[in-house]
Amino acid sequence: MTSDNTTPTELKDNERVITHQDLVRSAVNVGSLGMEFSWTYANQMGIAFCLMIMKMLKKIYRDDPEGYAKALERHVAFFNITPQIAPFVGGIAISMEEKIAKGELEPESVNEVKAALMGPLSGIGDSIFLTCIRIVAVALGISLCQSGNPLGPIVYLLIYNVPAFWLRIWGVQKGYEVGVDLLTGAEKSGLMDVIMQIAGIVGCMVIGSMTKDMFWATISVEFGIGDAATTLQDVLDGIMPGIVGLGFMGIYYWLLSKKISPVWLILGTMAFGVIAAFFGFME
Amino acid sequence: MFGPALICAFVDLVFGSFDYQFGTLYGFRPIVVAPVVGLLLGDVQMGLTLGASLELLFLGSVSIGAYVPPDATSAGILCTAYAILLGFDAETAVALAMPIGSIMIALSNLFSPVTNGLSGLAPTYAAAGQDKKIVGLHWLIALIYVPIKFAVIYAAVYFGSDAVGWVLDVVPDFVLTGFSIAANMLPVMGFAMLGRMIFTKSLMPFFFLGFLLTAYANIPVLGVALIAVIIGIEKAGIFDQRKPALAAEGDDDDDF
C-alpha cells in the first residue's frame, strides 16, 4: 500500500479533535440509523458501525492514511447489538481510538471492548426495547386500532421511538464520556492494563458463548433403524453440546489465518449449504 | 389492479426496507402497514382491524439476536390488500398471513449469498482505506434485492395469491433450504473474523470457557459476561492486598 515513511498522527496529549457536535451527529447519521439496513448473516452490523464513526475516525487519523485504514478495518468487523445502543458503543470506541492514535492503547483492545459489550448490552437492550417498550406500545396501539381509532399506529410508533432516539443521542455522549474518564483516570493509576485485561477476557468468553448459541444448522444423518435410530447430531452433541458449531468456527478461523478471503468463505458456505440440502445431510 | 399493486409495493419499499435506514422504527409491523394499506386502498377500518389481529399473530416473531422471523411486513401488506381487493373476510386474510410471511423470508434468504458475499468485501476496502466504497457497500447490500421485492409484492397483488405460490415453485426446495443452512452457519464465520483480531494465546482458554459454560450449563451470554468480569477481577488481583497491575506493564502476551 503506502510507503514506509508515513507521518504518525500528531495528536498532542490533551488534544481533542472530536467535538460534541461530531458525536451527536454520529448518533443520527446514515450508519447509526441504518444499523440494520445493510445487515448480513456473516457481518451483521459491522459495515453500518464503521459508517457511524467513519467521519470521526477520519478526523482522528487525519494525517495518517495507514492508521485510518487500520481503524476502518477494525470497525467493519462483525458487530451486533440492539440498534438503539450502538451509538453508546460508538462513543466508547471513539474515545479509545483517540488513545490508539496517540499510541497509548493497543489497537486490538477496541474490538475486545466492543465484543465484551455486544452480548450483555444486547441482552439488556432487547429486553428494554423489544419485550418492554414495544409490548406497551403494541398494547396501546392495538386497543386504539380495535376501537377503530386511526391514531393507533401513530401512538404505537411514538411510544416506541421517542425513547429510542433519546437513547441514541444520550448514549453516544455518555459512551464517549465514560470512555474518556475511564481511560484517562485508568492510565494514571495503572488501572488501564487491568481494564484491558478484563475486557479481553470478557470479549473472548462472550464470543465463545455466542459460538454455542448462534450456530443453528444441524446434521440430520440418521443411524440405526426404528426405535434405535439416532441422528449424527445427537451423537456429536452427546460428545459435547455445540461441537458442530465449534468445529466450523475452528475451520473458518484456520482458513482465515491461511489468508483466504471472507468472500470465498461465504460463497463456499453457500455452496456447501446447497449440497448439504440436496443430499439431505444437514438442515 | 395496476394502481393497488403499485401502492402495495411502494408501502413495502418504504416500511419494509427503508424503515431500517430510518433507525429501525418498527414501522414495518402489521400494526402500522395494515392501516396504511387500508388508508391508501380506501378501507381504513379493515386496515385497523387486520393491523390489530396480525400484530397479535406476529407479536412473538421479532428479530432477537440473529433470529430472522417470518416477514410480518409483507404478510401485513398482502393480507390487507387481499381482504380489501378480493373481498376476503378478516379471518381468511389472517390465515394467509403465516404462509406469505414464510415465503417472503425464504425469498430474502435466496439473496443472502449476494449480500453476504458483498459484506465480505468490506475488510478488503477498509484495508485499502477506501471509505467511500464502504459507504457504497452499505447501500448496495441494502438495496440490491429491493427491486425484486418490489416486483414480487407487485405481482402478488396483481396476480392474486396464486402468484406467491408460483414464485416458490420455480425455485427447487433444496436451494432454499441450502441457503438457509448456510445462513445459519455464517454467524460463526463472523466470530472467527473478530477472533482473528482479538484472540491471543493467553486469551484463547477464555474463548473455550465461554463456549463450555453455554454448552454444558446453558448459561446465556449475559451470564457468561458477568462471570467473565469476576474472573477478570480475580485474575487482575484487584482486591488482593498487593498493589495491582503495575506488574502488567509492558504487555507480554501479544506474541500470538
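Cut-offs and rules
- Residues numbered from 1 in each chain as written.
- Chains lettered and ligands numbered in written order.
- Predicted model: local features only at pLDDT ≥ 70, side-chain atom pairs only at ≥ 80, totals over all residues.
- Heavy atoms only, no water.
- UniProt positions renumbered as here; feature names shortened; annotations may be inferred.
- Helix = DSSP H or I, 4+ residues; strand = E, 2+ residues; numbered from the N terminus.
- Axes fitted to C-alpha atoms, helices over the stretch in contact; angles between N-to-C directions.
- Left-handed = near helix turned anticlockwise from the far one by under 90°.
- Contact = heavy atoms within 4.5 Å.
- Nonpolar A, V, L, I, M, F, W, Y, C, P; charged D, E, K, R; others polar.
- Buried area = accessible area lost by both parts, 1.4 Å probe.
- Salt bridge = Lys/Arg side-chain N within 4 Å of Asp/Glu carboxyl O.
- Polar contact = N/O pair within 3.5 Å; in protein donor to acceptor, adjacent residues only side chain to side chain.
- pLDDT = per-residue confidence, 0-100.
- Phe/Tyr/Trp six-rings, centres within 6.5 Å; stacked < 30°, edge-to-face > 60°.
- Buried < 20%, exposed > 50% of the residue type's maximum accessible area, 1.4 Å probe, protein only.
- Lys NZ or Arg CZ within 6 Å of the ring centre and 35° of its normal.

Per an unreviewed UniProt entry, chain B goes by PTS sugar transporter subunit IIC and derives from Thermophilibacter immobilis. Under Subcellular location (unreviewed entry), UniProt gives the following word-for-word description of chain B: "Cell membrane".

An unreviewed UniProt entry lists chain A under the name PTS system mannose/fructose/sorbose family transporter subunit IID, with Thermophilibacter immobilis given as the organism.

Colleague: Any chance you could explain the UniProt feature "transmembrane region" (unreviewed entry) in chain B here in plain terms?
Modeller: Those places that UniProt annotates as "transmembrane region" (unreviewed entry) correspond, in this numbering, to residues 20-41, 48-68, 139-159, 174-194 and 206-233 of chain B. Secondary structure content for residues 20-41 of chain B is 55% helix and 0% strand, and the end C-alpha separation is 25 Å.

Colleague: In this structure, what is going on with the packing of helix α10 (residues 243-257) of chain A against helix α11 (residues 262-279) of chain A? I would like to understand it.
Modeller: Two measures define how a pair of helices packs: the angle their axes make with one another and the distance between the axes. Residue and element names in this part refer to chain A. Running from N to C, α10 and α11 point in directions that differ by 145°, and their axes come no closer than 10 Å. Considering the relative orientation of α10 and α11, their crossing is right-handed. Contacts between α10 and α11 involve Phe248, Tyr252, Leu255 and Leu256 from the first element and Pro262, Leu265, Thr269 and Phe272 from the second. Broken down by class, the residue content of the contact of α10 with α11 amounts to seven nonpolar, one polar and no charged.

Colleague: Explain the interface of chain B and chain A to me, please; I cannot follow it from the model alone.
Modeller: The figure often quoted for interface size is the accessible area lost as the parts come together. Listed by partner, the interface residues are 108 residues for chain B and 109 residues for chain A. The largest contributions to the chain B side of the interface with chain A come from B:Met185, B:Phe191 and B:Phe211, which together make up 8% of the buried area. Our count for the chain B to chain A interface comes out at one salt bridge. A:Lys58 is paired through a salt bridge with B:Asp131; the nearest N and O atoms lie 3.5 Å apart. At the junction of chain B and chain A, the tally comes to 16 residue pairs in polar contact (both at pLDDT 80 or more).

Colleague: Quick question: what am I supposed to make of the confidence of the model for chain A here?
Modeller: Regions with low pLDDT should not have their predicted coordinates read in detail. Residues and elements named next belong to chain A. When pLDDT is averaged along chain A, the result is 86, and 93% of the positions lie at 70 or above. No element of chain A has a lower mean pLDDT than strand β1 (residues 222-223), which averages 78, and none a higher one than helix α3 (residues 46-60), which averages 95. Across residues 1-10 the pLDDT falls below 50, and counting only partners more than four positions away or on other chains, this stretch makes 13 contacts in the model.

Colleague: What exactly am I supposed to notice about the environment of A:Ser122 here?
Modeller: Residues and elements named next belong to chain A. Looking at the secondary structure, you find Ser122 in helix α6 (residues 108-146). As for Ser122 and Pro83, which are separated by 39 residues in sequence, their C-alpha atoms are 8.7 Å apart. For Ser122, the contacting residues outside a window of four places in its chain are Asn80, Ile81, Thr82, Leu117 and Ser127.

Colleague: Please explain the packing of aromatic side chains as it appears in this structure.
Modeller: Any two aromatic rings considered together are summarised by their centre-to-centre distance and by the angle between their planes. Applying the stated rule across the entire model yields 22 aromatic pairs over all chains. Between A:Phe37 and B:Trp139, the aromatic rings sit 5.6 Å apart at their centres with planes inclined by 80°, giving edge-to-face as the arrangement. Separated into two different chains, A:Phe37 in the loop between α2 (30-33) and α3 and B:Trp139 in helix α8 (residues 131-143) make up a pair that spans both. The exposure class assigned to A:Phe37 is buried, which follows from its relative accessible area of 8%. Summarising the aromatic geometry, the rings of A:Trp39 and A:Tyr41 are spaced 5.3 Å apart at their centres and angled 70° between planes, so their arrangement reads as edge-to-face. Like A:Tyr41, A:Trp39 is buried. Positioned above the aromatic ring of A:Phe165, the side-chain terminus of A:Arg168 is 5.0 Å from the ring centre.

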